[in-house]
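# Structural overview
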Amino acid sequence: MMVVAVASRFVFGTLLADRGDSVQTTAATALLTGVALLLAAGKGSSAGAPRAARGFLAAALGVLVVAVVPYIALSNQHSDAPTGTLVLFWTAVVPGALLLAAGFSGPLRARGLAAAFSLAAVAGAVGVLGNWERPSSFSLLAKHVPEQSWLGVAAVLWVAGIVALALLARADSWANTTRWAGAAAVIAAIVLAIAGGDPASAVAGLTDPTVLAFALSTAVVVVGALLLTFRGRASAAAPGLM
């Protein structure tokens, strides 16, 4: 499911890249992903009321992962700068490698092996992507530095947010954390829709098959990666991304 969701997110994200409505697309994505997080929390009672600090932190991390990162990605993968090859590198390969490294714990030797595996995975992915187009579109790394930099920042922020939410859920509870994160994501979606100047278009955007497919794919990737990381299997999400 993770593989299909990542592929779908890339394809439909590419179709949306040149529409110029990143804010409204992000609003639709945040709304559906927030609802998915609320559903993932389950119907059971939470393990006690969370501390306010933990709740607000979960809310902030939810907004980061569900709204901020998608907006950065959509805003910087426009046109052919960068190309699809580089979008895949930043949105799938780099997060996958970081999650692979984050999924290992224990003695220093085990962590060193995890780092080595991550580097090997990145090298293999670059080998495939570098030969996808001729001339290699990796040459654009030097031509579109702002876009590349922001996509790199988005990749790091996404993984950091997922890992932080998972750790917070272990310290508090899965239900409390995902409910705070999901509720904050829904509120962020409403704010973005209003900030975009036409809230009605954000709602109408959910009837657009391309927007809907991108939003649903993003929701599956976020919830899937978060759940696996929460269960101590962050490295299991990495192959799905890469």
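Above this text sits the structure in question.
Residues numbered from 1 in each chain as written. Predicted model: local features only at pLDDT ≥ 70, side-chain atom pairs only at ≥ 80, totals over all residues. Heavy atoms only, no water.

## Side note on the overall build of the protein
A tally of helices and strands in the protein yields ten helices and zero strands. Going from N to C terminus, the protein has its helices and strands arranged as α-α-α-α-α-α-α-α-α-α. The buried share of the protein, taken over its 242 residues, is 48%. Put simply, of all contacts in the protein between residues at least 6 apart along the chain, 89% involve residues at least 24 apart. Accessible surface computed for the protein: about 11100 Å², of which carbon and sulfur atoms make up 71%. (Helix = DSSP H or I, 4+ residues; strand = E, 2+ residues; numbered from the N terminus. Buried < 20%, exposed > 50% of the residue type's maximum accessible area, 1.4 Å probe, protein only. Contact = heavy atoms within 4.5 Å. Areas by Shrake-Rupley, 256 points an atom, 1.4 Å probe, with all protein chains shown as cover.)

## Quick notes on the packing of helix α2 (residues 22–40) against helix α9 (residues 209–230)
Describing two packed helices takes the angle between their axes plus the distance from one axis to the other. Packing of α2 against α9 brings their axes to within 8 Å, and their N-to-C directions diverge by 40°. Considering their axes alone, α2 and α9 lie oblique with respect to each other. Between α2 and α9 lies a crossing of right-handed hand. For the pair α2 and α9, contact is made by Thr25, Ala28, Thr29, Leu32, Thr33, Ala36, Leu37 and Ala40 and by Val211, Leu212, Phe214, Ala215, Leu216, Thr218, Ala219, Val222, Val223 and Leu226, respectively. Tallied by class, residues from the contact of α2 with α9 come to 14 nonpolar, four polar and no charged. (Axes fitted to C-alpha atoms, helices over the stretch in contact; angles between N-to-C directions. Parallel < 35°, antiparallel > 145°, perpendicular 65-115°, else oblique. Left-handed = near helix turned anticlockwise from the far one by under 90°. Nonpolar A, V, L, I, M, F, W, Y, C, P; charged D, E, K, R; others polar.)

## Section: the packing of aromatic side chains
Per the counting criterion, the structure on display carries three aromatic pairs. Ring centres of phenylalanine 56 and tryptophan 180 lie 5.6 Å apart, and the angle between their planes is 75°; on these two criteria the pair is classed as edge-to-face. Placement of phenylalanine 56 in helix α3 (residues 52–75) and of tryptophan 180 in helix α7 (residues 174–195) is noted, with a sequence separation of 124 residues between them. A relative accessible area of 31% means that tryptophan 180 is categorised as partly exposed. Considering the side-chain rings of tryptophan 174 and phenylalanine 230, the 5.0 Å spacing of their centres and the 40° angle between planes classify their relative orientation as tilted. Taken as a pair, tryptophan 174 in helix α7 and phenylalanine 230 in helix α9 lie far apart in primary sequence, 56 residues in all. When its relative accessible area of 23% is taken as the criterion, phenylalanine 230 is described as partly exposed. (Phe/Tyr/Trp six-rings, centres within 6.5 Å; stacked < 30°, edge-to-face > 60°.)

## Looking at α9
Here α9 contains 22 residues, and its C-alpha end-to-end distance of 31 Å stays within 8% of the 32 Å for a straight helix at 1.5 Å per residue. Looking one or two residues beyond α9, the residue adopting positive phi is glycine 232, at roughly 80°. (Expected span 1.5 Å × (residues − 1).)

## Thoughts on the side chain of serine 22
As for its position among the elements, serine 22 is in helix α2. Residue classification places serine 22 among the buried residues on the basis of a relative accessible area of 16%. Setting aside residues up to four positions removed in sequence, serine 22 forms contacts with Tyr71, Leu74 and Ser75.

## Description of the environment of alanine 41
Positionally, alanine 41 belongs in the loop between α2 and α3. A relative accessible area of 9% means that alanine 41 is categorised as buried. Spatially, the C-alpha atom of alanine 41 lies 7.5 Å from that of asparagine 176, the residues being 135 residues apart in sequence. Contacts of alanine 41, omitting those with residues within four sequence positions, involve Trp174, Ala175, Thr178 and Arg179.

## Thoughts on the nonpolar core
Residues Leu99 and Trp158 are the most contacted members of the largest nonpolar core, which totals 49 residues. In terms of residue count, helix α6 (residues 145–171) provides more of this core than any other element does, ten residues in total. In contact with tryptophan 158, not counting residues within four places along its chain, are Val65, Val69, Pro95, Leu99, Val221, Val222, Ala225 and Leu241. Counting five residues, the second largest nonpolar core, distinct from the first, contains Leu16, Ala28, Val211 and Phe214. (Core = buried A, V, L, I, M, F, W, Y, C linked by side-chain atoms within 4.5 Å.)

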